[in-house]
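Below, each chain spelled out in residue letters.
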Amino acid sequence: GGLLLMLPVSSRDGASLPFLDALFTAASASCVTGLALYDTGTQFSIFGQAVILLLIQVGGLGFMTVSALVSFLLHRRIGLHQRAVLMDTVGALQISGIVRLTRRALLVTLACEGAGALLLSFWFCPRYGLGRGLWMSVFHAVSAFSNAGFDILGTDASFRSAAGEPFLNLVLMALIVCGGLGFLVWDDALTHGFHLRRWRLHSQIVLAFTAPLFLGGAAAFYLLEKDHAFAGASTGQKLLMASFQSVTCRTAGFSTVDIGALSESGTLLTMVLMFIGAGSGSTGGGIKVNTAVVLVSSALAQTRRMEDVNLFHRRLDNGNIRRAHATASLYTLAGLAGCAILCVQGIPLEDALFEAISAIGTVGLTRSVTPVLPTASRLAVLL
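Every value quoted in this text rests on a predicted model; they were computed, and no experiment measured them. (Residues numbered from 1 in each chain as written. Predicted model: local features only at pLDDT ≥ 70, side-chain atom pairs only at ≥ 80, totals over all residues. Heavy atoms only, no water.)

(A) The overall build of the protein chain, seen in detail. The helix and strand inventory of the protein chain stands at 17 helices and 2 strands. Structurally, the protein chain occupies a C-alpha span of about 60 × 55 × 40 Å along its principal axes. Buried residues in the protein chain amount to 52% of all 383 residues. Restricting the contact set of the protein chain to residue pairs at least 6 apart, pairs at least 24 apart contribute 66%. As displayed, the protein chain has an accessible area near 17200 Å², and 65% of this comes from carbon and sulfur atoms. Here the protein chain holds 25 positive side-chain charges and 20 negative ones, and the gap between their average locations is 13 Å. (Helix = DSSP H or I, 4+ residues; strand = E, 2+ residues; numbered from the N terminus. Buried < 20%, exposed > 50% of the residue type's maximum accessible area, 1.4 Å probe, protein only. Contact = heavy atoms within 4.5 Å. Areas by Shrake-Rupley, 256 points an atom, 1.4 Å probe, with all protein chains shown as cover. Lys, Arg positive; Asp, Glu negative; His and termini not counted. Charge placed at Lys NZ, Arg CZ, Asp CG, Glu CD.)

(B) Region of interest: unusual backbone geometry. In the Ramachandran plot, Lys288 falls in the positive-phi region, its phi being about 90° despite a non-glycine side chain. When you line up the elements, Lys288 lands in the loop between α13 (264-276) and α14 (289-303). In this structure, Arg305 is a non-glycine residue whose phi angle is positive, near 60°. You can see Arg305 is positioned in the loop between α14 and β1 (310-311). You can call Arg305 exposed: its relative accessible area is 79%.

(C) Looking closely at the nonpolar core. Core analysis: the largest hydrophobic core is formed by 51 residues, its most contacted members being Ile52, Ile56, Leu120, Phe124, Phe139, Leu168 and Leu172. Every element with two or more residues in this core is listed here: α2 (19-30), α4 (46-61), α7 (98-128), α8 (130-145), α9 (166-181), α10 (183-192) and α12 (235-248). (Core = buried A, V, L, I, M, F, W, Y, C linked by side-chain atoms within 4.5 Å.)

(D) Representation of the packing of α8 against α9 within the structure. Relative orientation of the contacting elements α8 and α9 amounts to 45°, with a least axis distance of 7 Å. By the angle class used here, α8 and α9 are oblique. Along its contact with α8, which presents His140, Ala141, Ala144 and Phe145, the element α9 presents Leu172, Leu175, Ile176, Cys178 and Gly179. A breakdown of the residues in the contact of α8 with α9 according to their chemical character gives 7 nonpolar, 2 polar and no charged. (Axes fitted to C-alpha atoms, helices over the stretch in contact; angles between N-to-C directions. Parallel < 35°, antiparallel > 145°, perpendicular 65-115°, else oblique. Nonpolar A, V, L, I, M, F, W, Y, C, P; charged D, E, K, R; others polar.)

(E) Quick peek at α12. The end-to-end C-alpha distance of α12 is 20 Å, a good match for the 20 Å that 14 residues give at a rise of 1.5 Å each. Burial runs high along α12: 10 of the 14 residues are buried. Turning to α12, its buried residues number three or more, namely Lys238, Leu240, Met241, Ala242, Ser243, Phe244, Gln245, Ser246, Val247 and Thr248. Residues of α12 that are buried sit in contact with α9, α11 (201-225) and α13. (Expected span 1.5 Å × (residues − 1).)

(F) A nonpolar patch on the surface, seen in detail. A cluster of nonpolar side chains, contributed by Leu4, Leu7, Val9 and Phe47, occupies part of the molecular surface with about 320 Å² of accessible area. Here Leu4 shows up in helix α1 (residues 2-6). (Patch = residues over 30% accessible without salt bridge, like charges linked within 9 Å, V, L, I, M, F, W, Y side chains within 5 Å. Salt bridge = Lys/Arg side-chain N within 4 Å of Asp/Glu carboxyl O.)

(G) Region of the structure containing the packing of aromatic side chains. With the rule as written, the count across this model stands at 4 aromatic pairs. Ring centres 6.0 Å apart and planes at 40° place the aromatic pair Phe124 and Tyr128 in the tilted group. With Phe124 and Tyr128 both in helix α7, this residue pair falls 4 residues apart, about one helical turn. Note on Phe124: relative accessible area 0%, which makes it buried. In this structure an aromatic cluster arises from ring pairing among Trp123, Phe124 and Tyr128. (Phe/Tyr/Trp six-rings, centres within 6.5 Å; stacked < 30°, edge-to-face > 60°.)

(H) Up close: α7. Taking 1.5 Å per residue as the helical rise, α7 with its 31 residues ought to reach 45 Å, and the 42 Å between its terminal C-alpha atoms agrees with that figure. When the local axis directions of α7 are compared, the greatest deviation, roughly 40°, occurs at Ser121. Two residues or fewer after α7 comes Gly129, characterised by a positive phi angle close to 90°. (Bend = angle between axes of the 7 residues up to and from the residue.)

(I) Structural view of the pattern of salt bridges. Applying the stated rule across the entire model yields 7 salt bridges. The salt bridge involving Arg378 is made with Asp21; its shortest N-O contact spans 2.7 Å. With Arg378 in helix α17 (residues 375-382) and Asp21 in helix α2, this pair connects stretches of sequence that are 357 residues apart. The residue Asp187 makes a salt bridge to Arg200 at a minimum N-O spacing of 3.0 Å.

(J) Highlighting the side chain of Ser121. Secondary-structure assignment places Ser121 in helix α7. Setting aside its immediate chain neighbours within four residues, Ser121 contacts Pro126, Leu134 and Ser137.

(K) Here's a closer look at the packing of α11 against α13. Across the interface, α11 lies against α13 with an axial gap of 9 Å and an inter-helix angle of 165°. Classed by the angle they form, the pair α11 and α13 counts as roughly antiparallel. Once α11 is placed against α13, the crossing between them reads as left-handed. Contacts between α11 and α13 pair Leu213, Gly217, Ala220, Phe221, Leu224 and Glu225 from the former with Ser265, Gly266, Leu269, Thr270, Leu273 and Ile276 from the latter. (Left-handed = near helix turned anticlockwise from the far one by under 90°.)

Here's what the structure looks like:
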């Protein structure tokens, strides 16, 4: 990806990008992060944007899932080792049925991105023309479902100029949530429908706690930012902006407000939601909703001196609890290490911490420091 983005044909001005800049962009796309050194719409040609889109799609689905798609198309048998790796890729709990689950993941992705592109075309085509509008519809549908945060609007302000557009905001929010739920949740929904008691515990946790996170985040953003970042907008626009912010900071990376204009409380809330992220086995990042729920449940059980941790009348396996603690610990340590490197190179603490959490959570939101990062800081964020 980096080598392709270095080619003169990838840039609108025909000049080659420096290798580190091209590698940074490729890593951000393939890890569906969205942090960018350049504005994607103005810097990259259609070829460059297509490379970024392909990296986003591979990163959102997972490399092994795309490999399985090739095997399906070529009618090749998927071996035991590949099935085991696929199990980790899509977040499955057992190896049996993994091929069926992978097929469903691919079909859900195609259906959601196709429907999203179709709906977005009604907004983009009247404004940008048929050809350009269709390309922008496809690009943003894939970017939103994959929780990537890349946009090609041709402005550094992302979707801020469209903050008051209900149709566009709602479609993007729906795509982000659909990608962030995870493929196991979609498999349960397609298999068991509304019989929630038959769903996996994994899916029940994601479904039960995603809605409170969204609603609580939206209400908190409205109360905290109505006189700060949302000042000057109507009440309806403030509610829409608060809802979009609550969704996008859980690893999507699009922005309808100036992140640097958020109050300190709003900035802290954004970092907390970025750290939590989306559901396990989804296109999103963060420590994952499931991990956060296990951590909180474990802490509550310890304070009550209970030996077992129970959710939805099921006892959690101790191995899962240990993995949750290990995941959160490693994320925290890596994020703090990255923050320290940025601080050493002169980035203010608040901006450095925000950038580090956004990078490790693959969110893509920034307080406008990404394009001005020194070389060592770029390498830290890339890693």
